[in-house]
Amino acid sequence: MITLPELPYAYEALSPVISAETMRTHHDKHHAKYVENTNKLAAESGLDGRTLEDIVAEAETQKLGKLFNNAAQAWNHAFFWDCMTPERRDPQGELLSAIAGAFGDLAGLKKKFVDEGANHFASGWVWLAADGADLVVLSTHDAGTLAHDKRTPLLVCDVWEHAYYLDYKQDRLSFLERWFDTLADWEFAEAQYEAARGRHAPWTFAEAA
Ligand code: FE2
């Protein structure tokens, strides 16, 4: 069994960029349903008791589409909550140097990240990831995930409409710009960047106690 992780902050902590109403619906309804469906479908496939990372990988290998979609969404959302903070600070140290090398500066990364997310067709996720020391911005469709990718995710933003429609209607671009400027957790991204270079293990979905 996997369990729905609690948010690492209050529902209203990210307001006004993301409202408490959006957070309640997104976490308590959407994410909860992905977790519930994962447990049900994993049990049917004999994969219960495995880590969520294993379930995602096995579902993909065995072409269990419904299980993959729900398990990857369960993983992506848990990762997404940890990519946000109400106490943002700018990136520092080696990650800041890598951003300068790859994108010129933080504004250059913002443009690339926001463009990627705003131009992504339909549902998906926009990621900042590291391939070793190299940084890359990419998007994945629907439940597409970096849960078991050779690239290490540093940050992700959800660009499914349920992530922003209550607050921004169709204006995904404004959501992404405000998200990048105010909510992205660079301390988290720096820890993941360390993991990408083998200094410690990357983020994993919390196992049930
Ligand atoms: Fe979502």
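Participant: Even after reading the chapter, I still don't get the nonpolar core, so can you show me in this structure?
Facilitator: Counting residues in hydrophobic clusters, the biggest one holds 69 residues, and the most contacted among them are Ile18, Met84, Phe113, Leu128, Leu135, Trp179 and Trp186. Of all the elements, helix H3 (residues 65-82) adds the most residues to this core, at ten residues. Counting the residues that make up this core, at least three belong to each of domain 1 (19-82) and domain 2 (93-199). Look past the residues within four positions of Leu128 in its chain and what remains in contact with it is Phe103, Leu109, Phe113, Leu135, Val136, Val137, Thr152, Pro153, Leu154, Leu155 and Trp186.

Participant: Would you mind showing me how to read the packing of helix H2 (residues 52-61) against H3 here?
Facilitator: A pair of packed helices is captured by two measures, namely the crossing angle of their axes and the spacing between those axes. Closest axis-to-axis distance for the H2/H3 pair is 9 Å, and the angle between their directions is 150°. The angle between the axes of H2 and H3 places the two elements in the roughly antiparallel class. Crossing geometry of H2 relative to H3 is assigned as left-handed. From H2, Leu52, Glu53, Ile55, Val56, Ala59 and Glu60 reach across to H3, where they touch Leu67, Phe68, Ala71, Ala72, Ala74 and Trp75. Here the contact of H2 with H3 is built from residues that sort into ten nonpolar, no polar and two charged.

Participant: Explain the sheet that holds strand S1 (residues 124-131) to me, please; I cannot follow it from the model alone.
Facilitator: Sheet strands associate in pairs through backbone hydrogen bonding, adopting either a parallel or an antiparallel arrangement. The strand order across the open sheet built from three strands is S2-S1-S3, with neighbouring strands paired in antiparallel fashion. Each end of this open sheet is capped by a strand with a single partner; those strands are strand S2 (134-141) and strand S3 (152-158). The average undirected angle you get between the axes of adjacent strands in this sheet is 20°. Across six bridges, the pairing between S1 and S3 is antiparallel. Pairing of Trp127 across the sheet is with Val156, part of S3. In the packing of helix H7 (residues 172-182) onto the sheet, the strands contacted are S1 and S3, and the crossing angle to S3 comes to about 135°.

Participant: I would appreciate a short explanation of the coordination of the iron ion in the present structure.
Facilitator: Any two of four tetrahedral donors ideally make an angle of 109.5 degrees at the metal, while pairs among six octahedral donors ideally make 90 or 180 degrees. Protein coordination at the iron ion comes from His26 (NE2), His77 (NE2), Asp158 (OD) and His162 (NE2), with a distance range of 1.9 to 2.1 Å. Around the iron ion, the four donor atoms are arranged such that angles at the metal cover 90 to 129°; this shape is classified as tetrahedral. Donor residues for the iron ion sit on one chain with the sequence pattern H-x50-H-x80-D-x3-H. With His26 in helix H1 (residues 20-44) and Asp158 in strand S3, the pair connects residues that are 132 residues apart, well separated along the chain. One exposure class covers both His26 and Asp158, and it is buried.

Participant: How do you make sense of the domain arrangement of the protein when you look at a structure like this?
Facilitator: Much of the literature gives interface size as the accessible area that the parts lose upon coming together. One can read the domain layout of the protein as domain 1 (19-82) and domain 2 (93-199). Measuring from the centre of the C-alpha atoms in domain 1 to the corresponding centre in domain 2 gives 20 Å. Summed over both sides, the interface between domain 1 and domain 2 buries roughly 1,800 Å², with carbon and sulfur atoms accounting for 66% of that surface. Here domain 1 is connected to domain 2 by zero salt bridges.

Participant: Looking at this structure, I do not really get the environment of Val114. What am I missing?
Facilitator: Tracing the sequence through the fold places Val114 in helix H5 (residues 106-118). The buried category is assigned to Val114, whose relative accessible area is 4%. Spatially, the C-alpha atom of Val114 lies 6.3 Å from that of Glu177, the residues being 63 residues apart in sequence. Sequence-distant contacts of Val114, defined by excluding residues within four places in its chain, comprise Leu173, Leu176 and Glu177.

Participant: Looking at this structure, how should I read H3?
Facilitator: Working note: α-helix, 3.6 residues per turn, so residues spaced by three or four point in the same direction. For H3, with 18 residues, the first-to-last C-alpha span of 26 Å sits near the 26 Å given by 1.5 Å per residue. A large share of H3 lies buried, amounting to 14 of its 18 residues.

Reading the values: the criteria
Residues numbered from 1 in each chain as written. Predicted model: local features only at pLDDT ≥ 70, side-chain atom pairs only at ≥ 80, totals over all residues. Heavy atoms only, no water. Core = buried A, V, L, I, M, F, W, Y, C linked by side-chain atoms within 4.5 Å. Buried < 20%, exposed > 50% of the residue type's maximum accessible area, 1.4 Å probe, protein only. Helix = DSSP H or I, 4+ residues; strand = E, 2+ residues; numbered from the N terminus. Domains from an automatic or database assignment. Contact = heavy atoms within 4.5 Å. Axes fitted to C-alpha atoms, helices over the stretch in contact; angles between N-to-C directions. Parallel < 35°, antiparallel > 145°, perpendicular 65-115°, else oblique. Left-handed = near helix turned anticlockwise from the far one by under 90°. Nonpolar A, V, L, I, M, F, W, Y, C, P; charged D, E, K, R; others polar. Pairing = 2+ DSSP bridges. Donors = N, O, S within 2.8 Å, 3.2 Å for Na, K, Ca; no water. Tetrahedral: all angles 85-135°; square planar, octahedral: opposite > 155°, others 65-115°. Buried area = accessible area lost by both parts, 1.4 Å probe. Salt bridge = Lys/Arg side-chain N within 4 Å of Asp/Glu carboxyl O. Expected span 1.5 Å × (residues − 1).

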